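What follows is each chain in one-letter form.
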Amino acid sequence: MFFTYLRRELAGRRRQTAIVAIGMALAIALVMIVNAVSTGVKDAQASVLESVYGVGTDLTVSQDPTPPEEGEEGGGRFEFGADDGTTSGDSTEISQSRLTAGFGSTTFDASALDTVTDLDGVAAASAALSLTNMTFSGEMPQRMQEAPTDGTAPTDGDTAQEPPTGGFDGAGGSAFDVNSFSVLGIDPGAEAVGPLSAVELADGRGLEASDAGQAVAVLDASYATSAELAVGDTIDVGGTELEVVGTVTSTSADAATASNVYIPLDLAQQIAGLDGQVSDIYVQATSSDQIATVQADIEEALPDATVSTQADLAASVSGSLATASSLISNLGLWLSVAVLVAAFLIAILFTIQGVTRRTREFGTLKAIGWSNRRVVGQVAGESLVQGLIGGAAGLVVGLAGIWVVNLIAPTLGGSAGTTTAGGGPTMAGPGATDGATAAGPFGGVSDAAGATTEVVLNAPVTISVVAIAIGLAVLGGLLAGAIGGWRASRLRPAEALRSVA
Amino acid sequence: MYTLENVSKTYTQSKRKVTALADVTLTIPSGQLVAIQGPTGGGKSTLLQMLGALDRPTSGRISLGESELSHLPDRKLGGIRAKEIGFVFQGFNLIPTLTAQENVETALAPLGISAEERRRRAVDALASVGLADRAGHVPGELSGGQQQRVAIARALVKEPDVLLADEPTGNLDEETRDEIMDLLEGLWRDRGLTLVIVTHDTAVAKRAERRLHIKHGTVTER
Ligand SMILES: Nc1ncnc2c1ncn2[C@@H]1O[C@H](COP(=O)(O)OP(=O)(O)O)[C@@H](O)[C@H]1O
Ligand SMILES: [Mg+2]
């Protein structure tokens, strides 16, 4: 009887069934899509973080940049002596490479690594020195001996003055290239934790413990391609020629690795003139429940240091990935909650309305001996099945939506600075003014430090997404059914005798 | 057999008290055909509610056989309605989405009868009201007289001791009215039912063994 009645009611009141089911379906589909996309964005964030910090890094230690002391050198300067460069004809070609600490990163004494390693709960730790190599090269005209002496501008048609010659346009102009790439000095022996744990070898070999102090470098494969470098070539880092021994790619598809160039830590310190200095320490805790304790211990042992957890690091991911993340966690969440509430309200209102309309029907059933439980069960059963129909439709629509998202496969860019201290995308170097100006010209240089990682968004269909759909359908159905059933339970059997109005 | 002793029923509607039944004392022996007449608002339906265990009196005692209807809990009253009492309503009160067959079966649902026996008994009940060929139709596809026959089949399929009908012919034309009355009278005669019919119609009332008149909640014999 229960199923016959149920089937007849749902089929006989198709419009109500359809409206309730469609409302539920849309809400459930939206929740599913938001959930899947949010998982996708989290995965993307994780892969950006992995490419920068390596797999298994629980904590990173860095230090806040401090403004330079009075009289201390600010940004670093290219200085060319009068006889620098090679002169050919009317032009002088000059070129210089400098290796300096990366933008926004501050170095600190390498002894911090030992301090961290000795702490309880630390499984592994390795240090790195984040640097930026800048090459300034250009062409200048030969010094102008025949500069005008009278200080007046030449008038039109005045050909008495010799026009300047030389330079890149042969008319006295100058041209300069500024080229920069990021360099990460790493402990060549440490593989367990650190940036190189999230890469795989594309060509040649990786850095090995025996490479310490050797003039060797490993390149990010995509950087190597754009710089037209291959294994066996040499690369000028801060004026030192290093042999390229291997190239690596990120283990997460489409993502760039943390740095363009990887060199042994001691070599990096030596070239950059930063002996005994590091900029980051990567820490792996013995277990995930140790992370908070280890974080506190490090902060106590190194008061000047900034200790970041994976969660802090996720917050530091910037770019369109960050936009997507906040969009999904704010707008997406609220939108799906709002639509879900609306759908539940629709289901509840329709159920109440249905019970009111069927007052005489339920009164009659009670009058002929149906127990309250049987009537309530019937009402609740109808709502539950309506919810489940909506859930099934929502599951289909939601899976289709997720499929469309994956078909479009939007690419999200995210960057995570190797120091998380400042958060956000600022490239401010030491010295506020210098930093601000530095962000201008160098911001446009594509190979600048803290490269943006491109990640294709993949919204995964997980068991939990399917469980959410079914759970919400059941919840919505039960909620409407409980309220409708409560109304039906309060109907008196004498309602059956109410005269037909 | 019904026994009513000083049965009163008052409704309170927006602080105003309405006395629907005033101190009714009455016995209805088993197997009697009783017609109840009276003006609208006189208390006919209220009396039928008391007899049908749909509601309890405000004061007084009412019993059906061994059962004290005035003091039983709702669940027990429901059980008595399911087993012993059949209802026929003025507005037929069939469930619009169910077929005639299924409507009749709803009366057997609370009795814990197997689906197969339910089906068989519903088929028999529909045949006994002359609607064997309409079993698969929904109420919307049946005439008023046919719908009331389905309702009578639903009331009788559980083989109750008592059949209560509240203006069963009120919504029907004269010809159909006589058909339905013939049917009810025939069933009463064949099955030995106690049949209580509320009616406005003197022609219907004249067929009864006993006629009661109820006005302002007070019952008088005619
Ligand atoms: N549920 C109720 N609430 C309030 N008053 C009611 C209710 N049912 C009946 N009444 C009142 O009780 C009186 C008797 O009603 P009823 O038994 O339906 O009369 P009849 O069936 O003879 O027309 C009327 O005055 C009616 O308004
Ligand atoms: Mg009435």
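Here, every reference points to the structure presented above.
No experiment lies behind these values; they were computed from the predicted model shown.

K.L.:
Describe the overall build of chain A, listing the residues and the values that go with them.
P.N.:
When helices and strands are counted, chain A shows twelve helices and 18 strands. Looking at chain A alone, contacts between residues at least 24 apart form 86% of all its contacts between residues at least 6 apart.

K.L.:
Could you give an account of the overall build of chain B, naming the residues involved and the relevant values?
P.N.:
Check the secondary structure of chain B and you find seven helices and ten strands. Out of the 222 residues in chain B, the part that is buried amounts to 56%. Summarising the internal contacts of chain B: among those between residues at least 6 apart in sequence, 71% fall at separations of at least 24. Put simply, chain B shows about 9600 Å² of open surface, and 45% of that area lies on carbon and sulfur atoms.

K.L.:
Outline the packing of aromatic side chains, listing residues and values.
P.N.:
All names here are of chain A. Under the defined criterion, the tally for this structure stands at four aromatic pairs over all chains. Arranged with centres 4.9 Å apart and planes meeting at 85°, the rings of Phe2 and Phe3 form a pair that is edge-to-face. Judged by its relative accessible area of 33%, Phe2 falls in the partly exposed class. On the basis of an interplanar angle of 90° and a centroid distance of 6.0 Å, the ring pair of Tyr5 and Trp370 is categorised as edge-to-face. One end of the pair, Tyr5, is in helix H1 (residues 2-12); the other, Trp370, is in the loop between helix H9 (359-367) and helix H10 (372-408), and 365 residues separate them in sequence. Each member of the pair Tyr5 and Trp370 is classed as buried. Between Arg374 and the ring centre of Trp370, over which it is positioned, the NZ or CZ distance is 5.6 Å.

K.L.:
Could you give me a rundown of the sheet that holds strand E2 (residues 16-28) of chain B, with the residues and numbers involved?
P.N.:
Residue and element names in this part refer to chain B. Overall, antiparallel pairing links the four strands, which are arranged E2-E1-E4-E5 in an open sheet. Among the strands making up the open sheet, the edge pair consists of E2 and strand E5 (67-68). Pairing between strand E4 (residues 59-64) and E5: two bridges, direction antiparallel. Its bridge partner being in E5, Leu64 is matched across the sheet by Ser67. Sheet strands in contact with helix H1 (residues 44-51) are strand E1 (2-13), E2 and E4, and its direction is about 125° off that of E1.

K.L.:
Report on the site of ligand 1, specifying residues and quantitative values.
P.N.:
For ligand 1, the set of nearby residues contains 13 residues, the closest of which are Gly41(B), Gly43(B), Lys44(B), Ser45(B) and Thr46(B). More than one chain reaches ligand 1: its neighbouring residues belong to chains A and B. With respect to ligand 1, the backbone of Gly42(B) contributes an N or O atom lying 3.2 Å from an oxygen atom. In the environment of ligand 1, an oxygen atom lies 2.5 Å from a nitrogen or oxygen atom belonging to the side chain of Thr46(B). The set of elements that each furnish at least two residues to the shell around ligand 1 consists of E1, E2 and H1 of chain B. Sort the elements by how many residues they give to the shell around ligand 1 and H1(B) lands first, with three residues. Taken together, the residues of the shell around ligand 1 break down into four nonpolar, seven polar and two charged.

K.L.:
Mind laying out the nonpolar core, listing which residues take part and the relevant values?
P.N.:
Nonpolar side chains in soluble globular proteins generally cluster together in the buried interior. In this structure, Phe362(A), Trp370(A), Val104(B), Val150(B), Ile152(B), Leu163(B) and Leu184(B) are the most contacted members of the largest nonpolar core, which totals 52 residues. Those residues in contact with Val104(B), other than ones at most four positions away along the chain, are Ala122(B), Ala125(B), Leu126(B), Val150(B), Ala153(B), Arg154(B) and Val157(B). One finds Leu113(A), Val116(A), Phe181(A) and Ala285(A) within the second-largest nonpolar core, a separate group that totals 42 residues.

K.L.:
Got a sec to walk through helix H6 (residues 174-191) of chain B? Specific residues and values, please.
P.N.:
Residues and elements named next belong to chain B. The end-to-end C-alpha distance of H6, which contains 18 residues, comes to 26 Å, matching closely the 26 Å that a straight helix rising 1.5 Å per residue would cover. Thr176, Arg177, Ile180, Met181, Leu183, Leu184, Glu185, Leu187 and Trp188 are the residues of H6 that are buried. Of the surrounding elements, those touching the buried residues of H6 are strand E3 (33-37), helix H4 (115-128), helix H5 (144-156), strand E7 (162-166), strand E8 (194-198) and helix H7 (202-205). Immediately downstream of H6, the backbone of Gly192 shows phi near 65°, a positive value.

K.L.:
Could you give me a rundown of the interface of chain B and chain A, with the residues and numbers involved?
P.N.:
It is common to report an interface's size as the accessible area lost on association of the parts. On the side of chain A, 23 residues touch chain B, which itself brings 27 residues to the contact. The largest share of the area that chain B buries against chain A comes from Leu54(B), Asn93(B) and Thr97(B), three residues that together contribute 23% of it. Counting across the chain B and chain A interface gives two salt bridges. Residue Asp55(B) is joined to Arg492(A) by a salt bridge in which the shortest nitrogen-to-oxygen separation is 3.1 Å. Between the two partners, chain B and chain A, sit eleven residue pairs in polar contact (both at pLDDT 80 or more). Elements that contribute at least two residues to the side of chain B that touches chain A include exactly H1, helix H2 (74-84) and helix H3 (100-106) of chain B. Residues of the side of chain B that touches chain A, tallied by class, amount to ten nonpolar, nine polar and eight charged.

K.L.:
Hey, could you go over the pattern of salt bridges for me, with residue numbers and the actual values?
P.N.:
When charged atoms on two side chains of opposite charge get close, those side chains can pair. All names here are of chain B. One pass over the structure, following the stated rule, counts 24 salt bridges over all chains. Residue Arg189 pairs with Glu185 through a salt bridge whose shortest N-O separation is 2.9 Å. Taken together, the residues Arg189 and Glu185, both in helix H6 and four residues apart, mark about one turn of the helix. By relative accessible area, which is 15% here, Glu185 ends up buried.

K.L.:
Kindly report on a nonpolar patch on the surface, identifying the contributing residues and their values.
P.N.:
Nonpolar side chains collect at one region of the surface, where Leu333(A), Trp334(A), Val337(A), Val341(A) and Leu345(A) lie side by side and expose about 480 Å² of accessible area between them. Following the sequence through the fold, Val341(A) ends up in helix H8 (residues 320-357).

K.L.:
Explain the pairing of E4(B) residue by residue, including any values.
P.N.:
Look at any regular strand and the pattern is simple: side chains alternate between the two faces of the sheet. Residues and elements named next belong to chain B. Taken together, the five bridges between E1 and E4 define a ladder with antiparallel strand orientation. Within E4, the position partnered with Glu5 by the bridge is Arg61. Count of turn residues in the E4/E5 antiparallel hairpin: two residues, of which Gly65 carries a positive phi of about 60°.

K.L.:
Describe in detail the sheet that holds E7(B), supporting the description with residues and values.
P.N.:
Residue and element names in this part refer to chain B. Spatial strand order, E6-E7-E8-E3-E9-E10: six strands in an open sheet with mixed pairing. With one partner strand each, in any of the chains shown, strand E6 (85-88) and strand E10 (218-221) form the two edges of the open sheet. With direction set aside, neighbouring strand axes in the sheet form an average angle of 20°. Sheet analysis places E3 next to E8, joined by four bridges and oriented parallel. Counterpart to Ala35 in the pairing with E8 is Ile197.

K.L.:
A description of the packing of H5(B) against H6(B) should follow, citing residues and the corresponding values.
P.N.:
All names here are of chain B. Between H5 and H6, whose axes approach to 10 Å, the crossing angle comes to 15°. Here H5 lies roughly parallel to H6, going by the angle between them. The interaxial crossing formed by H5 with H6 has right-handed handedness. Within the contact between the two elements, H5 uses Gly145, Gln148, Arg149, Ile152 and Leu156 and H6 uses Thr176, Glu179, Ile180, Leu183, Leu184, Leu187 and Arg191. Split into classes, the residues belonging to the contact of H5 with H6 amount to six nonpolar, three polar and three charged.

The rules behind these values
Residues numbered from 1 in each chain as written. Chains lettered and ligands numbered in written order. Predicted model: local features only at pLDDT ≥ 70, side-chain atom pairs only at ≥ 80, totals over all residues. Heavy atoms only, no water. Helix = DSSP H or I, 4+ residues; strand = E, 2+ residues; numbered from the N terminus. Contact = heavy atoms within 4.5 Å. Buried < 20%, exposed > 50% of the residue type's maximum accessible area, 1.4 Å probe, protein only. Areas by Shrake-Rupley, 256 points an atom, 1.4 Å probe, with all protein chains shown as cover. Phe/Tyr/Trp six-rings, centres within 6.5 Å; stacked < 30°, edge-to-face > 60°. Lys NZ or Arg CZ within 6 Å of the ring centre and 35° of its normal. Pairing = 2+ DSSP bridges. Axes fitted to C-alpha atoms, helices over the stretch in contact; angles between N-to-C directions. Near = heavy atom within 4 Å. Polar contact = N/O pair within 3.5 Å; in protein donor to acceptor, adjacent residues only side chain to side chain. Nonpolar A, V, L, I, M, F, W, Y, C, P; charged D, E, K, R; others polar. Core = buried A, V, L, I, M, F, W, Y, C linked by side-chain atoms within 4.5 Å. Expected span 1.5 Å × (residues − 1). Buried area = accessible area lost by both parts, 1.4 Å probe. Salt bridge = Lys/Arg side-chain N within 4 Å of Asp/Glu carboxyl O. Patch = residues over 30% accessible without salt bridge, like charges linked within 9 Å, V, L, I, M, F, W, Y side chains within 5 Å. Parallel < 35°, antiparallel > 145°, perpendicular 65-115°, else oblique. Left-handed = near helix turned anticlockwise from the far one by under 90°.

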